[in-house]
Amino acid sequence: IDDLAEIDYSLNSLPAVFQPYIDLDLKGIVYPAGNYTVPPYVAAPFTIPDQSDSMLYLAFSEYFFQTSSFAYYSAGAFNITITEETCSYFNISTEIFGSIIPEVAKYSVTPYPVMLKLMATEIPLISLQQDSFTLEIQGSLEVFAVLPDSTTQSLFTMNIAANTSIALNIFDQKLMGSLCLNRLQFSLTHSNVGFFEISLLENILSYILQTEVIPSANAKLSKGFPLP
């Protein structure tokens, strides 16, 4: 697929040949690149509804997407660092955070660039629907001040629960997706600047995730999964 994951489309059994059609039972397992550890899921059998409008029908089970989530989680794909240099729309700094949270302004009188470290803390959960699937992501976000000597100082850490949906389509012999952020929840877990109401940060953090993380994820999803 890419430098993080690969797909095994080998046959589970011999092709089943019938008069009107042929059934191919493919594995459809996604592994972290170079790591063929068996994913912690069980593939449930399923059948494709009887249809005859097309020459080829291809069905993906929830297991396929679960192993995709596991593979990319294991490869660290859900761990993202956002810095002043990589932030496209505005420069994130302690001055901006201090204008929203008085505790940050008191803690960091001198304005410094800010670095955000976002990581998934659990394997994202997949729930498959007809033309899309939901992805529930549990993660943490740590906010650092970047000092002049390039060292970092942790300001605060929070938990994040994100509900997303991915719409699916097939184009150019690839399975492609488009990610949409449905809901975000934040909770403060640790602070070196003192306690503050996390609701003060929800708008700016949601904006950063919508403008930085979602477009980056969609750029990767637009490359698609090769079909067998």
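No experiment lies behind these values; they were computed from the predicted model shown. Per-chain numbering applies: the sequence of each chain, read as written, is numbered from 1 onward. A pLDDT threshold of at least 70 governs which residues receive local features in this predicted model, and a stricter bar of 80 or more applies before side-chain atom pairs are shown or counted, although totals over entire chains, interfaces and linings include all residues. Hydrogens and waters are ignored; side-chain quantities use all the structure's heavy atoms.

Caption draft 1: Up close: the domain arrangement of the protein chain. Domain start and stop positions are those given by an automatic or database domain assignment. Each domain of the protein chain was delimited in the assignment, giving domain 1 (1–77) and domain 2 (78–227). For domain 1 and domain 2, the distance between their C-alpha centroids amounts to 30 Å. Contact criterion: two residues are considered in contact whenever any of their non-hydrogen atoms come within 4.5 Å of each other. Listed by partner, the interface residues are 20 residues for domain 1 and 19 residues for domain 2. Buried surface area refers to the total accessible area, computed with a probe of radius 1.4 Å, that the two partners give up upon joining, counted for both partners together. For the pair domain 1 and domain 2, the summed buried area comes to about 1,600 Å², and 72% of that belongs to carbon and sulfur atoms. Together, Glu-62, Phe-65 and Tyr-73 form the three largest contributors to the area buried by domain 1 at its contact with domain 2, with a combined 37%. Salt bridge, as used here, is a side-chain nitrogen of Lys or Arg placed within 4 Å of a carboxyl oxygen of Asp or Glu. Viewed at the interface, domain 2 and domain 1 are joined by zero salt bridges. N or O atoms closer than or at 3.5 Å make up a polar contact, with two conditions inside protein: a donor-capable atom paired with an acceptor-capable one, and, for residues adjacent in sequence, both atoms drawn from side chains. The tally of links between domain 1 and domain 2 comes to seven residue pairs in polar contact (both at pLDDT 80 or more). Segments assigned H or I by DSSP are reported as helices when at least four residues long, segments assigned E as strands when at least two residues long, and all are numbered from the N terminus. Of all the elements, helix H1 (residues 62–74) adds the most residues to the side of domain 1 that touches domain 2, at nine residues. Among the residues making up the side of domain 1 that touches domain 2, the classes are represented as 14 nonpolar, five polar and one charged. Three residue categories are used. Nonpolar comprises Ala, Val, Leu, Ile, Met, Phe, Trp, Tyr, Cys and Pro, charged comprises Asp, Glu, Lys and Arg, and polar comprises the others, including Gly.

Caption draft 2: Structural detail: the pairing of strand S10 (residues 174–191). For two strands to be treated as a pair, DSSP must find at least two bridges joining them. Note: strand S9 (residues 152–171) against S10, 16 bridges, orientation antiparallel. Within S10, the position partnered with Ala-162 by the bridge is Leu-184. Two successive antiparallel strands, S9 and S10, enclose a turn made up of two residues, where Asp-172 displays a positive phi of approximately 55°. As paired elements, S10 and strand S11 (residues 225–226) share two bridges and run antiparallel to each other. Note that in S11 the partner of Lys-174 across the bridge is Pro-226.

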